[in-house]
Amino acid sequence: MEIIEFDEIDSTNDYLKKYYEKYNDFTVVRTIKQTHGRGRFDSVWESKNDLIFSILFKKDSPHHLVAPLSINHVLRKYGFNSCIKWPNDILVDNKKVSGILIEKVFVGKQINVIVGIGINIEKRHDYAYLNNINPKELLIEILNVYKKYCEYDDELLKKEYMCNCSIFNSNVSYDNTNYKVIDMLSNGELILENDEKTITVDFNKKDYKSLLNK
Ligand code: BTN
């Protein structure tokens, strides 16, 4: 595992999207400051002295499960009251502390997966932050746990994920209709059910945000 560190770049995801050819599996790019940090669905990811990094993988794995599980595991080990908010936000005391942006670049049959992670260390309005945590130590802990979760099979990952995410078995509203969340497909889609129908919700489609806990 190689860790490349910058003081300032546009975005660690964009860096790896540009230069993935130069780097091996499990290369980590970390920066202190991002000038164009991106979140999901073209949102802006603001950060200041936070833990900001991306990991390059040369093969696909269920990173949509491994990434949130790894962060959540380490935060709980540090004693934070954290949980996963489906699909892949991490909350501390019910406020978002971390976001994950997973992007894929295909070159013929070769896949490059870039898992970008931002964790708030500095205080900011309406978000949780991790006061007095050394970002570099946190990074190393997360990477070590990440490696371990990558060895889990899909069933075990799904089980772990479902235990650490409060949405399962809860009542939700989606498209102005009430459902219960009964399960998840291996690609991370949620399965919702009510007396009339069973549907799935895909987190790659923006309308998943209309899913509300009741
Ligand atoms: C989200 O919650 O919308 C995802 C936020 C992901 C932010 C991280 S910070 C490191 C990496 N580089 C980026 O430009 N974005 C991700």
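Now for a description of the structure that goes with this document. (Residues numbered from 1 in each chain as written. Predicted model: local features only at pLDDT ≥ 70, side-chain atom pairs only at ≥ 80, totals over all residues. Heavy atoms only, no water.)

A few words on the site of the ligand. Neighbouring the ligand are 20 residues; S11, Q34, R38, R40 and K96 lie closest to it. Between T12 and the ligand, the recorded distance is 3.2 Å, taken from a side-chain N or O atom to a nitrogen atom. Out of a free accessible area of 420 Å², the ligand has 97% covered by protein chains. Counting atoms within 2 Å of the grid points, the majority share of the ligand lands in the largest pocket. The element contributing the most residues to the shell around the ligand is strand β6 (residues 95–107), with four residues. Partitioning the shell around the ligand into residue classes produces six nonpolar, ten polar and four charged. (Near = heavy atom within 4 Å. Polar contact = N/O pair within 3.5 Å; in protein donor to acceptor, adjacent residues only side chain to side chain. Areas by Shrake-Rupley, 256 points an atom, 1.4 Å probe, with all protein chains shown as cover. 1 Å grid on protein atoms, 1.4 Å probe; cavity = no way out; pocket = protein on both sides within 12 Å on 5 of 7 lines; lining within 4 Å. Sits in = over half its atoms within 2 Å of the grid points. Helix = DSSP H or I, 4+ residues; strand = E, 2+ residues; numbered from the N terminus. Nonpolar A, V, L, I, M, F, W, Y, C, P; charged D, E, K, R; others polar.)

For sheets, the rule is that strands pair by backbone hydrogen bonds, running either parallel or antiparallel. A sheet is described by the order of its strands in space; here five strands give the open sequence β11-β10-β9-β8-β12, paired in antiparallel fashion. A strand with exactly one partner marks an edge of an open sheet, and here the two such strands are β11 (198–201) and β12 (212–213). Pairing of strand β8 (residues 171–174) with β12 involves two bridges; the strand directions are antiparallel. Pairing of S173 across the sheet is with L212, part of β12. (Pairing = 2+ DSSP bridges.)

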